[in-house]
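# Analysis of the macromolecular model
Residue strings, one per chain:
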Amino acid sequence: MGFADQRFNVNLSILFTELPLLERPAAAAAAGFTAVELWWPWIDTPTPERSELDALRRAIEDAGVRLTGLNFYAGELPGPDRGALSVPGEESERFRANIDVAADFARSLGCTALNALYGNRVDGVDPAEQDALALENLVRAARAADRIGAVLLIEALNAPESPRYPLVSAPAAVAVVDRVNEATGLGNARFLMDLYHLAMNGEDLPSVIERYTAKTGHVQIADSPGRGAPGTGSLPLEDLLDRLTKAGYEGWVGLEYKPGDRPSAEAFDWLPADRRPAR
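Calculation criteria
- Residues numbered from 1 in each chain as written.
- Predicted model: local features only at pLDDT ≥ 70, side-chain atom pairs only at ≥ 80, totals over all residues.
- Heavy atoms only, no water.
- Pairing = 2+ DSSP bridges.
- Helix = DSSP H or I, 4+ residues; strand = E, 2+ residues; numbered from the N terminus.
- Axes fitted to C-alpha atoms, helices over the stretch in contact; angles between N-to-C directions.
- Contact = heavy atoms within 4.5 Å.
- Buried < 20%, exposed > 50% of the residue type's maximum accessible area, 1.4 Å probe, protein only.
- Polar contact = N/O pair within 3.5 Å; in protein donor to acceptor, adjacent residues only side chain to side chain.
- UniProt positions renumbered as here; feature names shortened; annotations may be inferred.
- Parallel < 35°, antiparallel > 145°, perpendicular 65-115°, else oblique.
- Left-handed = near helix turned anticlockwise from the far one by under 90°.
- Nonpolar A, V, L, I, M, F, W, Y, C, P; charged D, E, K, R; others polar.
- 1 Å grid on protein atoms, 1.4 Å probe; cavity = no way out; pocket = protein on both sides within 12 Å on 5 of 7 lines; lining within 4 Å.
- Salt bridge = Lys/Arg side-chain N within 4 Å of Asp/Glu carboxyl O.
- Expected span 1.5 Å × (residues − 1).
- Arc of directions from axis to C-beta.

### Observations concerning the sheet that holds strand 5 (residues 151–155)
- Strand order in the closed barrel made by the eight strands is 1-2-3-4-5-6-7-8, with parallel pairing throughout. Geometrically, the sheet is characterised by an average inter-axis angle of 30 degrees between neighbouring strands, direction not taken into account.
- Direction of pairing for strand 2 (residues 35–38) relative to strand 3 (residues 66–71): parallel, over a ladder of four bridges. Residue Val36 lies in a different strand from strand 3, and its bridge partner there is Leu67.
- Strands strand 4 (113–115) and strand 5 of the sheet are contacted by helix 4 (residues 127–147), whose axis makes an angle of about 140 degrees with strand 5.
- Helix 5 (residues 170–184) contacts strand 5 and strand 6 (189–194) of the sheet and is inclined by roughly 165 degrees relative to strand 6.

Right, here's the structure in full:
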C-alpha cells in the first residue's frame, strides 16, 4: 500500500526545469518514470506555432513516456497568474483561443486529463461577473475535453500562496465541478485533489478524501511545508494515498514538488526505482 500501490507521473513544469523543455521527457524516462504531465508550456502564447507543438510531441514520443495531464493556457505560471478563464477581456479570449489547441495536442498524445485553472480575482470587477464568465468558459472547455474523451479538471489552490484565487478549499472547487457538470450534462468535470494545496489551507485531508474521492479525476502531491519531495515535510503522504486507494481512487498521482537545491534526478530517492514505471 502507500507509495507502492500508486501510478506516479512527473510534472515537467516543476521538476527537471534546470533542463530545456524538450530535454525533460527523456530525463524523466532516465529517472525511471513512464508518465509525465505539464502545465501549459508556452506562457506567452495560447496558440504556439505548429512546429513548437510538433517538437514537444516528438520529444515525448521519443522518450517513450506517456503524457497523462496537461493544463490549458493559464497566463504567467509560474508567476503572478493563476489561470485566465475568469479574467475578463484579453486573458479570457486567450483562454478560448487555447481550448482547441490544447485539446488537439492532448489527443495527439493520448492524454485524457485537461486542467483549467480558474484565475485570480480582478480589482474593480464584480466576482459574480467573473464567476459567470468562468462557467461559460469551463463549459466550452468541458465540451472540448469530451470531444477527445478526456476529463476536465478543476483545482483548489492555497490561500497563503494564491490569496487572490477564489477556489482555496476542496468544497469551493467541487462546487464548480458540480456547476459545470450540471450546465453541460456531460459529467466529465472532475476535482483535482492537490494534497499540498489542501494541507496549506489547513483542511482535514482524511475528511476531504472520504467526501470527494468519487468526484476526483487526478491527485497531485508535494510535502508540506516547503512543497518538497515526500519526506521533506510533515504530511503523512503514504497514509493519505492509502486512504485514497481504499476510497476507490485508481487514477494517476502527479509528482508536483520542488527538487530543492539538487538536480531533479536526485529528488526521487524516496521512491524505489522499481516503483517508478507505471503499472
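Here the narrative resumes.
### A word on the side chain of Ser162
- Topologically, Ser162 is positioned in the loop between strand 5 and helix 5.
- Residue class for Ser162 comes out buried when judged on its relative accessible area of 4%.
- A distance of 2.8 Å separates polar atoms of two side chains, one belonging to Ser162 and the other to Arg82.
- What Ser162 contacts, discounting residues up to four positions off in sequence, is Arg82, Leu157 and Val168.

### Side note on the UniProt feature "domain: Xylose isomerase-like TIM barrel" (unreviewed entry) in the protein chain
- Using the residue numbers shown here, the UniProt feature "domain: Xylose isomerase-like TIM barrel" (unreviewed entry) corresponds to residues 26–271.
- Secondary structure over residues 26–271 splits into 40% helix and 14% strand, and the C-alpha atoms at its two ends are 19 Å apart.

### Examining the packing of helix 4 against helix 5
- Following both chains from N to C, one finds helix 4 and helix 5 inclined at 65 degrees, their axes separated by 10 Å at the closest point. Taken together, helix 4 and helix 5 sit at an angle that is classed as roughly perpendicular. Once helix 4 is placed against helix 5, the crossing between them reads as right-handed. Contacts between helix 4 and helix 5 involve Leu135, Leu138, Val139 and Ala142 on the former and, on the latter, Val176, Arg179, Val180, Ala183 and Thr184.
- Split into classes, the residues belonging to the contact of helix 4 with helix 5 amount to seven nonpolar, one polar and one charged.

### Section: the UniProt feature "active site" (unreviewed entry) in the protein chain
- The UniProt record marks Glu155 and Glu256 with the feature "active site" (unreviewed entry), using the residue numbering of this structure. Of the residues just listed, which span 102 residues, no C-alpha pair is farther apart than 13.3 Å, and they cluster in one region. In this structure, the largest pocket is lined, among the annotated residues mentioned, by Glu155 and Glu256.
- Position of Glu155 among the secondary structure elements: in strand 5.
- In contact with Glu155, other than residues within four places in its own chain, are Asn115, Leu117, Tyr165, Leu167, Ala173, Leu192, Asp194, His197, Gln220 and Glu256.
- Here Asn115 takes part through its side chain, which lies 3.1 Å from a polar atom of the side chain of Glu155.
- Tracing the chain through its elements places Glu256 in the segment after strand 8 (252–255).

### Observations concerning the pattern of salt bridges
- Overall, the coordinates contain 15 salt bridges when judged by the stated rule.
- One salt bridge connects Glu136 with Arg96, and the closest N-O pair in it is separated by 2.9 Å. With Glu136 in helix 4 and Arg96 in helix 3 (residues 90–108), the pair connects residues that are 40 residues apart, well separated along the chain.

### Looking at the side chain of Asn188
- With respect to the secondary-structure elements, Asn188 resides in the loop between helix 5 and strand 6.
- Since its relative accessible area comes to 6%, Asn188 is described here as buried.
- The residues touching Asn188, leaving out its near neighbours within four places in the chain, are Ala142, Ala145, Asp146, Ala150, Val151, Leu152 and Asn181.

### Some details on unusual backbone geometry
- For the bond running from Leu77 to Pro78, omega is 5 degrees, close enough to zero to count as cis.
- In this structure, Pro78 sits in the loop between strand 3 and helix 3.
- Backbone torsion omega between Ser224 and Pro225 reads 0 degrees, so that peptide bond is classified as cis.
- Along the polypeptide, Pro225 turns up in the loop between strand 7 (216–221) and helix 8 (237–246).
- Positioned with a positive phi, Phe16 is a non-glycine residue whose angle comes to about 65 degrees.
- Locating Phe16 in the fold gives a position in the loop between strand 1 (7–11) and helix 1 (24–30).
- Within the chain, Arg227 stands out as a residue other than glycine whose phi angle is a positive 55 degrees.
- Inspection of the secondary structure puts Arg227 in the loop between strand 7 and helix 8.

### A word on helix 5
- Counted at 1.5 Å a residue, the expected span for helix 5 with its 15 residues is 21 Å, and the 21 Å between its end C-alpha atoms agrees.
- Every buried residue of helix 5 is listed here: Ala170, Ala173, Val174, Val176, Val177, Val180, Asn181 and Thr184. The buried residues of helix 5 occupy an angular sector of 155 degrees when the element is viewed end-on, so they sit on one face.
- Residues of helix 5 that are buried sit in contact with helix 4, strand 5, strand 6, helix 6 (195–200) and helix 7 (205–212).
- Capping the start of helix 5 is the job of one residue whose side-chain oxygen sits 3.1 Å from the backbone nitrogen of Ala172: Ser169.
- Gly185 occupies a position one or two residues after helix 5 and carries a positive phi of about 70 degrees.

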